[in-house]
Amino acid sequence: MNKHYIWNVIGWLVIVLLAVITIPNMSKLVADKGQITVPSSYQSTRATNMQKQWGRSQRGTTAVVVVFNNGDSALTGTQKTAIDHTIQRIKNHEDQYQIRSVTAASDSATAASQLISKDKSTQLLQLNVHKSSSHSITTIRSQITRLAKTSGVTTYVTGADVLNQDFSDATQAGVQKTEIIAAIFIFLVLWLVFRSPITPLFSLLTVAVSVITSISVVANLVDRFNFPFSNFTEVFIVIVLFGIGTDYNILLYNEFRERLANGKDRYTATKEAIRIGGRTVLYSGLSVLIGMSVLGFANFSLYRSAVGIAVGVVVLLAVLLTLNPFFMAICGPKMFWPVKKFQGEGDSRLWHNMAKHSMIRPVITLVLVGIIFIPLALTSHGTLDYDNLVEIGDNVPAKQGFKVVQQHFSKGTAEPTTIYIQSSHKLDNEDSLKLVDQLTKQLQQTPGVKTVASATQPGGKAIQSLYVHKQMGSVTTGLNKARKGVNKINKGLKSANKKLSSQDVSGAVSDAKKLATGSEQLNEGLQQLNTQISGSSSSTSGVTSSLTTIGTQAQDIKTQLETIQSAVASASGTSSSSTNVAAAFTAAGAPLSATQKQVLASVLAQQATTQQQLQATLSRSLTQIANDTAAIGTADQAVATQLQALQSSTQTLQSSVAQLASGASQVATGNQTMATQLADMSQQLTTLSAGLGSATTGLSSVSTGVDSANTYLKGLQKSAAAKTFYIPTKQLHGKSFAPALKTYLSPNKKLTKLTVVLDDDPSSAAAMARLPKLEKIVNGSLKGTSLGHAQVAFGGNTSQTNDINEMASGDFTRTVIIMLAGIFIALMVVTRSLVQPIVIEGILILAYSGALTLVHWLAKPVLGTNMLTWNTPFFTFVMLISLGVDYSIFLMRKYREYLHEPGATSTKMLQAATVIGTVVISAGIILSGTFAALIPSGVMTLIQIALAVILGIVLLIILLPIVMPAVMKITYPYPYSGIARHANAEARETEKKE
């Protein structure tokens, strides 16, 4: 045994030991660096970067939702109390568990409308929890689950990151199941193939060394150099290495067994097996390596993560080609114990018959293959499912909680879409908020949108008091009251003016003048009477007659004085004070301006002063006149009585007449004064009447104007223009509006967000199809406004899923082209032909597309799902193309071994298919069984990929022995072609070197 074989073993022992010691924690690595990343140019990533500017409450946090549910029944009072206690307990431990913000239904009526289901059976609690490498999602999930446990209520902890972590955990658990199941399956199959329990152990050992080493190398590259990595990297390294590693071992062990059967010693057999079989393994491995390596050029992180498989292939080739020779050389025939009689590769009757019949009528064969398989390949694979929930078992609490939210709220409530708008100026002003409100209403009217919440509509519903039509309602009501008040005042002033105009002040003045003349005449009469009495006391009868006349005139004077006094009193009662008039305007809701008050006060004050003076004077004069008239009347009666009773009392009569004359003189003087003052009063009342007329005319105009304005405002109130958002400055900066600004505006007020809840499932194709429409509405609404140059980004699960869809779809085509090109070049080197690589890749594509179609048909009846998961097509393509190419290489390499022999191409192709068929079928069974080990993982993507690869391998095993011989018969019809001559030359050159 060569010494270098021993050094190979020692070297691999050291490498494996180092790999085990240095391997990082895979679960932590997946959580930290295994998540799908989207480039910064995409919406969801830009939205995430904007969210980081929101401040401590949201920067570097993960959204966690605690779900409290009572089935389909409304929560009871006891349960609500228990929930309140739980929420308070969580708030008390905010610092301990790094909870940055808590939003509960009890915070406000708006929060209650969003966090309590309509059937009252479910209540949500929203948390923002700090996320870091030391405070992982696994830790957060465990802490919040323990903290949120509530007696008497079913409690769930869910959220996008929590669900992703559950997906990662499911994948890791699937890897462990896959390793065990694959190892058992491979052991059993190899035991059947080689009829030895020892041979499978050698194969499993070499593959295990390559798997351990590969995973450690890749994990360290990821940990230290950010090598591409995902949830699927580890599981696919395991599957691919177990699958192709076993296939390569079967090929090597068959070559080794064939040499032993030909009588070669174990060292020679080892050397030839590694030289012949190793070359095929190397070619096959390099094809796989090229196919996997070109994935490094992919833009999508998930696609790029498959490049880790290329590292595994390199390690696998190194292990198989260096460690297997040691076991072959040291064990020799014992490697196949208990078998003692060795035979070469068994012939495959299936491939022999298929190849034989295909070459009888090669053209017809290819046409029939096309008729059968091309329609199958071209059949649509249906809409892809981007919902990661299908990857998680129904028994996972986070998925159960998510389903509860969708059932009792809406499908989009659990994962709403967030629209971020970032401006260069602050947005806490009336103009910016009006634009935000207009956008909010436009989005609410969009089909497929359930609710939209924003700074102006924090509860998803408009605050009516912040809209012009509601505010105008108060204005029009006030104007109605003002108009009624103005009309009432106007009516009063008109009545006062009417009464003032009806008073005959000029007649009173005329009467007063007549009274003054009569008083003078009375005075003259009394003087004459006194003279007559003095001259002759005997003329008593004439005196008595005169006194009677005087008494009658005194009564007339008294009557006229009462009329004047009534007129004066009536005139004085019609005056109004400026205070009363201004108060009337104010009470009516139409307060007068300062200038109007001053003018009105001046006029009324002047009139009041004059009237008061006149009234005082008249009152005094009338009182004096009344007293004097009464005295005259009394004196007159007394004189008449005395004249009648005491005709002889001349002396007394003279004295009385003298007094009467004196009183008459005073009456005459008072009457003259009264007449003068009444004349002045008449002029003032005329001025007052004119002023009141002007006032009533002005008030009538005011009433008409108010009525016109009110009519216009009522019309405006009913129009669409009145549905405009307007918030007064005082209310904008008030306490009642502060929570909305805090929630929907960033701390620097330059960034706002709108939360959009869609009717559709956030991960569905329908939800993703709505995003471009929403984006168009947002950009159209902001264009030409102060926010026209603002940056807009859509965040949330739907946006991220849409970005992944867009990126995956575009990158899928690009990656497929690169991968096919790389494999095409490798096949050209292996086959030394241009036609054969084209045919081989055509067969691979037919098998791939046909397998996907079959899985799509089986998805509903077998898997219980209607769609393929979104990453199933890509990974199926990668696995099936890169691994399936091995079987074509096995066939064509075996064909090339016979090129140096004489004979027709069809004969050599039939011989190659017959001999290699057993190896390919065995390898196909091994690879299919290895992928079948993914089915118990419970991860839908892995299950679908496993089914697709298995069906694809079956199709390849059917297509290869039919299509390749037919094509070879058509393209190389001559018995001994140039390819054969070239092969002979190559063989002779190889023999010389040996």
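Before any of the text, the structure's been laid out above.
No experiment lies behind these values; they were computed from the predicted model shown.

1. Some remarks on the pattern of salt bridges
- What the rule picks out here adds up to 14 salt bridges.
- Among the ionic pairs, Glu258 bridges to Arg259, the shortest N-O distance being 3.6 Å.
- Judged by relative accessible area, Glu258 falls into the partly exposed class, the value being 24%.
- A single salt-bridge network, built from bridges that share partners, covers Glu255, Glu258, Arg259, Lys264, Glu272, Lys894 and Glu897.

2. Some words on the environment of Arg893
- Mapped onto the elements of the fold, Arg893 is located in helix H28 (residues 872-897).
- In sequence terms Arg893 and Arg279 are 614 residues apart; their C-alpha atoms lie 9.2 Å from each other.
- Once residues lying within four places of it in the same chain are set aside, the contact partners of Arg893 are Arg279, Thr280, Tyr283 and Val830.

3. Digging into the sheet that holds strand S7 (residues 449-453)
- Overall, antiparallel pairing links the four strands, which are arranged S7-S8-S6-S9 in an open sheet. For this open sheet the edge positions go to S7 and strand S9 (791-795), each flanked by a neighbour on one side alone. Ignoring strand direction, the axes of neighbouring strands in this sheet form an average angle of 20°.
- Both S7 and strand S8 (residues 751-758) contribute to a ladder of four bridges, which runs antiparallel. Its bridge partner being in S8, Thr451 is matched across the sheet by Val757.

4. Some remarks on the environment of Leu321
- In this structure, Leu321 sits in helix H12 (residues 307-331).
- For Leu321, a relative accessible area of 24% puts it in the partly exposed group.
- As a C-alpha pair, Leu321 and Thr206 span 115 residues in sequence and 9.9 Å in three-dimensional space.
- Leu321 has contacts with Gly278 and Leu282, leaving out every residue within four places of it along the chain.

5. Thoughts on helix H13 (residues 349-358)
- Listing the buried residues of H13 in full gives Trp351, Met354, Ala355 and Ser358. The arc that holds every buried residue of H13, seen down its axis, measures 95°, which confines them to one face. Residues of H13 that are exposed and point over 90 degrees away from its buried face: Arg349 and His357.
- Looking at the buried positions of H13, the neighbouring elements they touch are helix H14 (362-378), H28, helix H29 (905-932) and helix H30 (940-971).

Reading guide: rules and limits
- Residues numbered from 1 in each chain as written.
- Predicted model: local features only at pLDDT ≥ 70, side-chain atom pairs only at ≥ 80, totals over all residues.
- Heavy atoms only, no water.
- Salt bridge = Lys/Arg side-chain N within 4 Å of Asp/Glu carboxyl O.
- Buried < 20%, exposed > 50% of the residue type's maximum accessible area, 1.4 Å probe, protein only.
- Helix = DSSP H or I, 4+ residues; strand = E, 2+ residues; numbered from the N terminus.
- Contact = heavy atoms within 4.5 Å.
- Pairing = 2+ DSSP bridges.
- Axes fitted to C-alpha atoms, helices over the stretch in contact; angles between N-to-C directions.
- Arc of directions from axis to C-beta.

Everything listed here is a matter of geometry and, on its own, says nothing about what the molecule does.
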